[in-house]
Each structure stands twice: as C-alpha cells, then as structure tokens.
Amino acid sequence: MLFVCVHNAGRSQMGAAFLTHLAGDRVQVRSAGSAPADAVNPAVVDALAEVGIDIRAETPKVLTVEALQASDVVITMGCGDACPYFPGKRYLDWRLEDPAGQGVAAVRPIRDEIEGRVRGLLTELGIEPAA
C-alpha cells in the first residue's frame, strides 16, 4: 500500500504509520510525496507520539514510478494531478485537511480521521488490526 501527499510530511506519514502500527508485517507500507518537504512536520511527530507511534526517524520521500508499480493500493491525500495514474491499481482519494503549518491541537483531528480510515481499510481487506 502506498500513501501519497504533496510533501510526504504529514498526512501520508500518518497513514503509513497507522497502517504499519495496526497491520505489522501483514501489509507492505510505503509513503511518498510529489514534492517532498525537508522534514516531517514536528506537530505530526508529536501527535503520533501521543498515541504511542514514533516516527522521529522518518523522512519525506519522493514519489517514484517504482513505488507506484510495487503497490496494489494507492491512497492519495491531496496531491491531485501530481499523482500519476497506473492502470490496474486501486486508487483511494482521502480528502483531508493539510496539517502543514498547524500545531498539535489542529493535527489531532486529522490524525484521528486517518486512524479511522486505516482501520476501516484493514477491515475491508479482512485484516484484524493489532490491539
């Protein structure tokens, strides 16, 4: 599964972190951005730490053709036309507020929405989330 947003500094990092946390090694997880930032948004790092997920070591990654080709499901999060389309892939477009430039208080509802969507996706795929 591939999570894609513009900067790979917020939404896609949260999606990948929750999927990794909840599915473990049962799903191969990637995240990338069409125009990656220099670092993950510190408010996103803090918001995830509040729920026991540590992404301090993560860095934004550039979206590559190889990452797209290796993924069965591509979840876009606000990158619009910058996200290339490959036939045969399942695309989901999760419209979520961009946490860029916002504090932890504003990031929490976005984090919680992403967690709910990841849990729903796992249920749909028949994968029991980790406790």
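Shown above is the structure to which this text applies.
Within every chain, residues take consecutive numbers counted from 1 along the sequence as written. Whole-chain, interface and lining totals are the exception, using all residues; otherwise, since this is a predicted model, local features are given only for residues with pLDDT of at least 70 and side-chain atom pairs are given and counted only at 80 or more. Side-chain measures were taken over the full set of non-hydrogen atoms in the model, leaving aside hydrogen atoms and water.

Strand order in the open sheet made by the four strands is β2-β1-β3-β4, with parallel pairing throughout. This sheet does not close on itself; its edge strands, each paired only once, are β2 (30–33) and β4 (90–93). Sheet twist, expressed as the mean angle between neighbouring strand axes with direction ignored, is 20°. Both strand β3 (residues 73–76) and β4 contribute to a ladder of four bridges, which runs parallel. The residue of β4 that forms the bridge with Val-74 is Tyr-91. A pair of strands is considered paired only if DSSP assigns at least 2 bridges between the two. By the criteria applied, helices consist of DSSP H or I runs no shorter than four residues and strands consist of E runs no shorter than two, each listed in order from the N terminus. Each axis is a line fitted through C-alpha atoms, taken for helices only over the stretch in contact, and angles between the N-to-C directions span 0 to 180 degrees.

Before going further, it helps to spend a moment on the packing of helix α1 (residues 11–23) against helix α4 (residues 104–125). The relative placement of two packed helices comes down to the angle between their axes together with the axis-to-axis distance. Across the interface, α1 lies against α4 with an axial gap of 9 Å and an inter-helix angle of 45°. Judged by the angle between their axes, α1 and α4 are oblique. For the pair α1 and α4, the crossing hand works out as right-handed. Within the contact between the two elements, α1 uses Arg-11, Met-14, Gly-15, Phe-18, Leu-19, Leu-22 and Ala-23 and α4 uses Val-107, Ile-110, Arg-111, Ile-114, Glu-115, Val-118, Arg-119 and Leu-122. Amino acid classes used here: Ala, Val, Leu, Ile, Met, Phe, Trp, Tyr, Cys and Pro are nonpolar; Asp, Glu, Lys and Arg are charged; the rest, including Gly, are polar. Here the contact of α1 with α4 is built from residues that sort into ten nonpolar, one polar and four charged. We call two directions roughly parallel when the angle between them is under 35 degrees, roughly antiparallel when it is over 145, roughly perpendicular when it lies between 65 and 115, and oblique otherwise. Here is the rule for handedness: rotate from the far helix to the near one, and if that takes an anticlockwise turn smaller than a right angle the crossing is left-handed, while a clockwise turn gives right-handed. Two residues qualify as a contact provided that any one of their heavy atoms is within 4.5 Å of a heavy atom in the partner residue.

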